[in-house]
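# Topology and contacts: notes
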Amino acid sequence: LPYYGNWVEVKDWYVKRHYHASGGAFVVSHYPGAKMIKKFEKPLPAGEYKVCLRMVLTRSKGTCNILKVSLGNIKGKKFAPVAENEFIQDFVGSGYGWYVLPSFKINKKCNAIEIESVKVENMGIGDDPEYEKPYVIVDSVIITDEKIELIVDKRRGRNRIKFLTGKDPREKVKRIPY
C-alpha cells in the first residue's frame, strides 16, 4: 500500500503515519469499494479462526462504517474468498478498540486476507486540525485459532483482547522509527 505522512485524497487504502498507532502507522480508507489484500508468509491450514481488528474509534459518525473481511487465496492478482464476514463499526469513542469478528471456518488452506471498505461515513479522531472527510481506520489485524477473551469497555469503546493460551502475537510488533 502507498505510504503517506499525512491525510491524502485517494480512492484506495493507504498507510498513514500516526504516532499513537501500534506500529507507528495505520491503514485508511475514505471510499466504499477500496480493497487491500495481504498474502501470508505461510498458508493457514483448514480450521476455525478468529479475526481481530484494532480499530481507531471516531468521535462523530454518519450511520456506520462497514468492512467485509475475507480469508481466501490469491493467485497472481486474483483473490478467491473461502470465508467472509462483515464488521459494522456503529459506535463512537476516542482512542483504539479491539473487535472480534464471528468465527471463520475454512475447509481448505488460505494464503491471504482481503479487507474491503463497504460503507464509510464516520470521522473525527481528535487530530488537530481534524481531517473533515469520512474514513475507516484499521490499526492492527490478528488471525488466531487460540482462545481469546474480549474485554468490553461499554463506556469508551476501548475493548481489549486477552490471549488465554500461548503467546500474545502483539509482542512482536516493531514500530516505524520516527
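Source: prediction; values computed, not measured.

What follows concerns the overall build of the chain. Along the backbone of the chain there are 0 helices and 13 strands. Counting from the amino terminus, the chain carries its helices and strands in the arrangement β-β-β-β-β-β-β-β-β-β-β-β-β. Computed over its C-alpha atoms, the radius of gyration of the chain comes to 16 Å, within 12% of the 16 Å expected for a compact globule of 178 residues. Counting only C-alpha atoms and orienting by the principal axes, one finds that the chain spans roughly 45 × 35 × 35 Å. Sequence-distant contacts, at least 24 apart, represent 69% of the contacts inside the chain between residues at least 6 apart. Summed over its atoms, the accessible surface of the chain is roughly 10,100 Å², and 52% of this surface lies on carbon and sulfur atoms. The average position of the 32 basic charges and that of the 21 acidic charges among the side chains of the chain differ by 5 Å.

Mapping Ser70 onto the fold places it in strand 6 (residues 65–75). The class for Ser70 is buried, based on a relative accessible area of 1%. Side-chain polar atoms of Ser70 contact the side chain of Glu84, separated by 3.2 Å. Sequence-distant contacts of Ser70, defined by excluding residues within four places in its chain, comprise Phe79, Pro81, Ala83, Glu84, Phe104, Ala112, Ile113 and Glu114.

What follows deals with the pairing of strand 11 (residues 136–144). Burial analysis of strand 11 places 7 of its 9 residues in the buried class, which makes it a mostly covered element. Pairing of strand 3 (residues 25–29) with strand 11 involves 3 bridges; the strand directions are antiparallel. Opposite Val28, over in strand 11, you have Ile137 as the bridge partner.

Within the secondary structure layout, Thr58 lies in the loop between strand 5 (47–56) and strand 6. On the basis of relative accessibility, which here comes to 2%, the residue Thr58 falls in the buried class. Sequence-distant contacts of Thr58, that is, excluding residues within four places in its chain, are made with Phe91, Val92, Gly93, Asn122, Met123, Gly124, Ile125 and Tyr135.

Conventions and cut-offs
For every chain, the first residue of its written sequence is number 1, and the numbers climb from 1 along that sequence. Restriction of local features to residues with pLDDT of at least 70 applies here, the model being predicted, together with a cutoff of 80 or more for giving and counting side-chain atom pairs; totals for whole chains, interfaces and linings are based on all residues. Processing note: side-chain calculations cover all non-hydrogen atoms of the structure and skip hydrogens and water entirely. Helix numbers and strand numbers start at the N terminus; a helix is a DSSP run of H or I with at least 4 residues, a strand a run of E with at least 2. When we talk radius of gyration, it's over C-alpha atoms, and the globule rule is simply 2.2 Å times the number of residues to the 0.38. Throughout, a contact is declared for two residues whenever any of their heavy atoms are within 4.5 Å. For every accessible area listed, the method is Shrake-Rupley and the probe measures 1.4 Å; residues are considered covered only by the protein chains on display. Lys and Arg are tallied as positive, Asp and Glu as negative. Neither His nor the chain termini are counted. Every charge is mapped to an atom, namely NZ of Lys, CZ of Arg, CG of Asp or CD of Glu. The rule is simple: take the accessible area with a 1.4 Å probe, protein chains only, and divide by the maximum for that residue type; under 20% is buried, over 50% is exposed, in between is partly exposed. Pairs of N or O atoms within 3.5 Å make up the polar contacts considered here, provided that, within protein, one atom can donate a hydrogen while the other can accept it, and that residues adjacent in sequence are counted only when both atoms are side-chain atoms. Strands were regarded as paired on the criterion that DSSP finds at least two bridges between them.

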